[in-house]
There are 4 protein chains.
Amino acid sequence: MIIVLKPEATQEIAQELLARIEEKGLKPLYMPGSERVVLGALGDERVLSQLGLDGHPMVESLKPILSPYKLVSREMHPHDTAVAFGRANIGANAFAVIAGPCAVETEDRLRRSAIAVRAAGAVGIRAGAYKPRTSPYSFQGHGPDGLATLRKIGDELGLPVVTEVMDTADVEAVAEEADMLQIGARNMQNFSLLKAVGKVKKPVLLKRGLAAKVEDLLLAAEYLLAAGNEQVILCERGIRTFETATRNTLDLNAVAYMKQKTHLPVLVDPSHGTGVRDLVAPMSLAAAACGADGLIVEVHESPADAWSDGAQSLYPHQFEALMSALEPVLAAVGRQLA
Amino acid sequence: MIIVLKPEATQEIAQELLARIEEKGLKPLYMPGSERVVLGALGDERVLSQLGLDGHPMVESLKPILSPYKLVSREMHPHDTAVAFGRANIGANAFAVIAGPCAVETEDRLRRSAIAVRAAGAVGIRAGAYKPRTSPYSFQGHGPDGLATLRKIGDELGLPVVTEVMDTADVEAVAEEADMLQIGARNMQNFSLLKAVGKVKKPVLLKRGLAAKVEDLLLAAEYLLAAGNEQVILCERGIRTFETATRNTLDLNAVAYMKQKTHLPVLVDPSHGTGVRDLVAPMSLAAAACGADGLIVEVHESPADAWSDGAQSLYPHQFEALMSALEPVLAAVGRQLA
Amino acid sequence: MIIVLKPEATQEIAQELLARIEEKGLKPLYMPGSERVVLGALGDERVLSQLGLDGHPMVESLKPILSPYKLVSREMHPHDTAVAFGRANIGANAFAVIAGPCAVETEDRLRRSAIAVRAAGAVGIRAGAYKPRTSPYSFQGHGPDGLATLRKIGDELGLPVVTEVMDTADVEAVAEEADMLQIGARNMQNFSLLKAVGKVKKPVLLKRGLAAKVEDLLLAAEYLLAAGNEQVILCERGIRTFETATRNTLDLNAVAYMKQKTHLPVLVDPSHGTGVRDLVAPMSLAAAACGADGLIVEVHESPADAWSDGAQSLYPHQFEALMSALEPVLAAVGRQLA
Amino acid sequence: MIIVLKPEATQEIAQELLARIEEKGLKPLYMPGSERVVLGALGDERVLSQLGLDGHPMVESLKPILSPYKLVSREMHPHDTAVAFGRANIGANAFAVIAGPCAVETEDRLRRSAIAVRAAGAVGIRAGAYKPRTSPYSFQGHGPDGLATLRKIGDELGLPVVTEVMDTADVEAVAEEADMLQIGARNMQNFSLLKAVGKVKKPVLLKRGLAAKVEDLLLAAEYLLAAGNEQVILCERGIRTFETATRNTLDLNAVAYMKQKTHLPVLVDPSHGTGVRDLVAPMSLAAAACGADGLIVEVHESPADAWSDGAQSLYPHQFEALMSALEPVLAAVGRQLA
């Protein structure tokens, strides 16, 4: 940690702060400059956060040197983590595509959508039973019944299922039925939920929040690992920017960046990342090209009748075409479909 | 709702959509233009969301006409709602200042901070027992013990207390001890929590999310009102933008805008809104001048030793000076301190 | 255009506005609803902007139906435009990679960089003679001398050159020496410059501004076409968001979106789009996969000694590896290197 | 400057970099830590930018310690700069309000608007002759004729005028007629224009760009001062964020922050800052309360007929009411109207 003092900070202040740093077992450094005194504290910066130096009236700014996350960092754990989900080992070399409708609507509709995505090569099914909706007047999901329907269809078709959990009270029930728990963008910093899901022995798909920096996402994952769950998959799904032509701005920079910084697998959600059906395929290919470990895509048997997210859901034939288009792109970067 | 069709949409498509609109009890409108056919649907737009028109392949875009929120809207409820909190009737003419440390640290420290803010004229105390922290290695709050300490100090000093609830599982416990429940920025779209807090008979302080549009905030409040809780106070606390000189960008436009659109009271949090101690006072005065109904400010008896948010916490003497400075500004806009 | 009136707007107001719409030769529509009166005006919406309806006190909001750009739109001009630049026909099927250092530093250094990028397969050279720099204390470019050096190296190696023009006063001089004029991100809405460059008979590379919506970029291009220059290439180079891990957020959504909306070619600048050398290659592959027509990449013979943008400049061997990696990805999407 | 090396950087690399730092006349520092080697370079950081350290493959990140601007900084120049504009000394204690229409439309209209703003107490008139418009089909301003009309009305009414200059080619002409030159938001980083206007002996109003950090704005002002023009006024006019309820997000944090960091005066433009007529008054009061030195407000004699910006232009009676409302707020913070 680098500690820049205000111009008016005295020698005594500097000495006092250096003493506090040393007390915590860190190595203190004193760097008097022409316009500012700069202090350093070398060692585990997590300890420093307890010093509350940022509240000191003579401290102008703090500049951390080390990354604040440890367990998710590739520095500590250089080898890729792989997370098993059905036949796919997500994070290993093969590229995993999970697909399905936004929500569990009716059993028949889900079955038709699921049959279609299985036929096209999806490794698992996505569909929401608990739906986070901006408006209280929108369809909120079928809850436990939706969960049961999803489990039934997954068993019928022999595909694993992933579904969102929104409440600590539901973690056990969702973990019972689902093969992977999703923490949605709006709950990425629901720390109670992170702690609860961290105790579960099931894989977790952690979606990036709308205003979350990559570092925030990695720290949210750090909560899961710190609580004992190492089967964590990160998911880039677009961030909120000033652009209104698309629903969100898919940040593929973040995918390439995270693949360098963390050993965890990274999926991309091109459906929420664009919000526009016609942009899902090109962004899926881009995700494959820049190093993502797979996709989670919204596909509906009849998007024009979908109860939610119809505008960004692919028709089954479009999904089939996407899967075909992915193959040569994956081959070009030395990978293949799971 | 205005429905713009794609250039290639046929007459039959238009007729089919008009029929679906009519079936839902809305008044359909047909507007053929030179380059596009435009349809209209007049009536309750909440019904339309069930039509899934946005998923239709021949629909280019949807343009809602009415605001999606109803219960929080001033159109339906023109008179200001006031929420009682100790001696203050927040949302009525007097301006309410709530103050205290970021977190409950120790009983003694909280007592000293609380005595200071009471002396300066705060109407109530804020302090967190459950703390949402970006890093799992930061202080997470004392939980139930912190809650008990806060209640004790509130009773001792005769001041009401507000504290954050982060988990549906804790709603009952927090509602037991606190006079007002806070839903934090990171949980603004934790819809399970909104529904649970909506059933409580205690006032709620709902903070704007880092990436929440004003409309999202009003819809989050709509969840609370729809669940039966009408004692809702909105809080602007800064949004996340590209600017890095301040921790967040305090959006006072949103305060003036919301005062026109909703009957609910609006507070401002200049501490999180700036993240910089020296900016808290000027932004507090600005909030008072543009129509906010009060403030929630971080004040710590010794910010240089605070366990969290020290950089944005006022010293007691600074808070006292702020309260003095507020008086003439409030008088200038026809208000006074509660 | 859809015109939503305020709830308190009278019948007379509506009639007055409809009359104004009709006077302009547009088809007026009257849609009385339960809570609002809505008016429509069908026809050329550019005419409507002269009506100043948005300033009317009884107008709540305006919702345009048609896109505000015409000449750049694929609706009016469905076939792809191709722009000749050396051996490349940018916007036709082959994928064009332009490369070179941020700035013209010395003749020898530029020659070494240019030889390297030519050897690896670049179709042209980029290098700045006029440099837009955030700080007045940073290297500002060599101006006319830099221009002459660039021309000399281009001629020596038989490669066309692209360079930025920042001032209407320099347009003629730059057009004299360069084979393509670049309008930089910070000048994307320098409308005087757009008008001046619109009169030049040379291709233009128009980079997206840091806060420009796609629609703003297309309207900036519309300025160029309206002034008579149809050889316009758009360039996505990252937008400014809250993310700080990367210099900008490369918005590949915008690339796929623009390829659908406009007939103009779209390049991607992965160097500014990421600001991080190690992210340039994966984002280049992503750009190729999602439909971009080429790249403009910073390559320096010795980035550790570059006078600007060293952190995002590739080493020659990295550029060579990138060109090799692009080939199979382009083949996978049915294209090849120009 | 703090230079963090990558984990794999050798001792030799560190020594080489320290030597380069010393060569430049800066004091080098060596700080070996457990996970990273950190170097320091104390002295004028502008010199360091010539070292290109950010391009070095073994440098992980650079952390500047000193602010990159000097001439505009309050550290170098603690006393407030005041800029004369008619009877107002902007930046001294009195609060200056400049008002007028968006554009010079006709002489009669401008006269009526100007008479109204003078009657209400404005110290000067604003109106554009050269208009930066997003669309080439929007009214572009009357150019030189508009300039002459503006000068005529200013002389008639005895009020100074401010107007935008968009092109280096027009700087002389605008400086001839106007009492203050405005550099608009879209040209804030038009460095050619900054250099040209820096040579003029007239005051400059420099508006913040839509995506400009405060530091970028201060560096743009540094260009003006470095070129010799010290009569610079900064203007906060809203930044572009994800919020769509208002045209821009007025960043009053930036006003309070800049008043601490720079000696230059700071005005606020609540018209562009909100884009909504009904929000102009509350945001004006907020600006006055948080320390701004004045306002620049759009007022039109008949906004419903304005050729541009009607939606955010005040009616004359609204402006009069605003001026009355400002008085007690200014008194509350120890100031008064100029």
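Residues numbered from 1 in each chain as written. Chains lettered and ligands numbered in written order. Predicted model: local features only at pLDDT ≥ 70, side-chain atom pairs only at ≥ 80, totals over all residues. Heavy atoms only, no water.

Caption draft 1: The interface of chain A and chain B, seen in detail. Taken together, the 49 residues of chain A in the interface contact 49 residues of chain B. The junction of chain A with chain B conceals about 4,000 Å² of combined surface from both sides, 48% of it contributed by carbon and sulfur atoms. The largest per-residue losses of area from chain A upon contact with chain B belong to A:T134, A:Y137 and A:R240, which jointly make up 16% of the total buried on that side. Counting every contact that joins chain A to chain B gives four salt bridges. Measuring nitrogen to oxygen at the nearest pair gives 3.8 Å for the salt bridge that ties B:R20 to A:D305. Contributions of two or more residues to the side of chain A that touches chain B are made by α6 (191-198), α7 (214-226) and α10 (277-289) of chain A. Of the residues forming the side of chain A that touches chain B, the biggest block, four residues, is contributed by α7(A). Its residues placed into classes, the side of chain A that touches chain B shows 20 nonpolar, 13 polar and 16 charged. (Contact = heavy atoms within 4.5 Å. Buried area = accessible area lost by both parts, 1.4 Å probe. Salt bridge = Lys/Arg side-chain N within 4 Å of Asp/Glu carboxyl O. Helix = DSSP H or I, 4+ residues; strand = E, 2+ residues; numbered from the N terminus. Nonpolar A, V, L, I, M, F, W, Y, C, P; charged D, E, K, R; others polar.)

Caption draft 2: Quick look at the pairing of strand β2 (residues 27-32) of chain A. Residues and elements named next belong to chain A. When β2 meets strand β3 (residues 37-42), the two strands line up antiparallel, connected through six bridges. Residue pairing across strands places K27 opposite L42, the latter belonging to β3. Here β2 folds back onto β3, and the loop between the two strands holds four residues. (Pairing = 2+ DSSP bridges.)

Caption draft 3: A look at unusual backbone geometry. All names here are of chain A. Located in the positive-phi region is D309, a residue other than glycine, with phi close to 60°. When you line up the elements, D309 lands in the loop between β14 (294-298) and α11 (316-332). In this structure D309 comes out as buried when scored by relative accessible area, which is 15%. (Buried < 20%, exposed > 50% of the residue type's maximum accessible area, 1.4 Å probe, protein only.)

Caption draft 4: Quick look at the relation of the copies chain C and chain D. Least-squares fitting of chain C to chain D yields an RMSD of 0.0 Å, with the transformation described by 0.0 Å of translation along the axis and a rotation of 180°. Such values leave the two copies arranged in the relation of a two-fold axis. Of every C-alpha in chain C, the one belonging to C:A211 sits nearest the axis of rotation, 2.7 Å from it. Of the residues that chain C buries at the interface, 100% are likewise interface residues in chain D, meaning the two copies contact each other through the same surface. (Least-squares fit on C-alpha atoms with pLDDT ≥ 70 in both.)

Caption draft 5: Looking closely at empty space enclosed by the protein. Per the counting criterion, the structure on display carries 11 cavities of 30 Å³ or more. Approximately 320 Å³ is the volume found for the largest cavity. Surrounding the largest cavity, 20 residues form its lining, C:A185, C:L210, C:A211, D:L210 and D:A211 being those nearest its centre. Looking at the lining of the largest cavity residue by residue, the classes come out as 10 nonpolar, four polar and six charged. Of the volumes computed, that of the second largest cavity is approximately 150 Å³. (1 Å grid on protein atoms, 1.4 Å probe; cavity = no way out; pocket = protein on both sides within 12 Å on 5 of 7 lines; lining within 4 Å. Points joined across faces, edges and corners; volume = space filled by probe spheres on them.)

Caption draft 6: How the structure looks around the sheet that holds strand β3 (residues 37-42) of chain C. Residue and element names in this part refer to chain C. Across the sheet, four strands lie side by side as β2-β3-β1-β4; this open sheet has antiparallel pairing. The sheet is open, and its two borders are formed by β2 (27-32) and β4 (59-63), each paired with just one other strand. Direction aside, neighbouring strands of the sheet carry axes that sit 20° apart on average. When strand β1 (residues 2-5) meets β4, the two strands line up antiparallel, connected through four bridges. The residue bridging L5 from the neighbouring strand is V59, located in β4. (Axes fitted to C-alpha atoms, helices over the stretch in contact; angles between N-to-C directions.)

Caption draft 7: The arrangement of the interface of chain C and chain D in detail. Between chain C and chain D, the residue contacts involve 49 residues of the former and 50 residues of the latter. Approximately 3,900 Å² of surface area, both sides summed, lies buried where chain C meets chain D, with 48% of it carried by carbon and sulfur atoms. When residues of chain C are sorted by the area they lose upon contact with chain D, C:T134, C:Y137 and C:R240 head the list and together hold 16% of the total. Seen at the junction of chain C and chain D, the total is four salt bridges. Counting the contacts that link chain C with chain D gives 22 residue pairs in polar contact (both at pLDDT 80 or more). If you list the elements that add at least two residues to the side of chain C that touches chain D, you get α6 (191-198), α7 (214-226) and α10 (277-289) of chain C. If you tally residues by element for the side of chain C that touches chain D, the top one is α7(C), at four residues. (Polar contact = N/O pair within 3.5 Å; in protein donor to acceptor, adjacent residues only side chain to side chain.)

Caption draft 8: Here's a closer look at the side chain of B:S308. All names here are of chain B. Along the chain, the position of S308 falls in the loop between β14 (294-298) and α11 (316-332). Judged by relative accessible area, S308 falls into the buried class, the value being 5%. Apart from the residues lying within four places of it in its own chain, the contact partners of S308 are C102, A103, E105 and R133.

Caption draft 9: The environment of A:V104, seen in detail. Residue and element names in this part refer to chain A. With respect to the secondary-structure elements, V104 resides in the loop between β7 (96-100) and α3 (107-120). With relative accessibility at 1%, the residue V104 sits in the buried group. Once the C-alpha coordinates of V104 and G121 are considered, the two residues, 17 residues apart in sequence, prove to be 20 Å apart. Setting aside residues up to four positions removed in sequence, V104 forms contacts with L110, A127, G128, A129, F139, H142, G146, T149 and L150.

Read these as layout, nothing more, since geometry by itself doesn't imply function.
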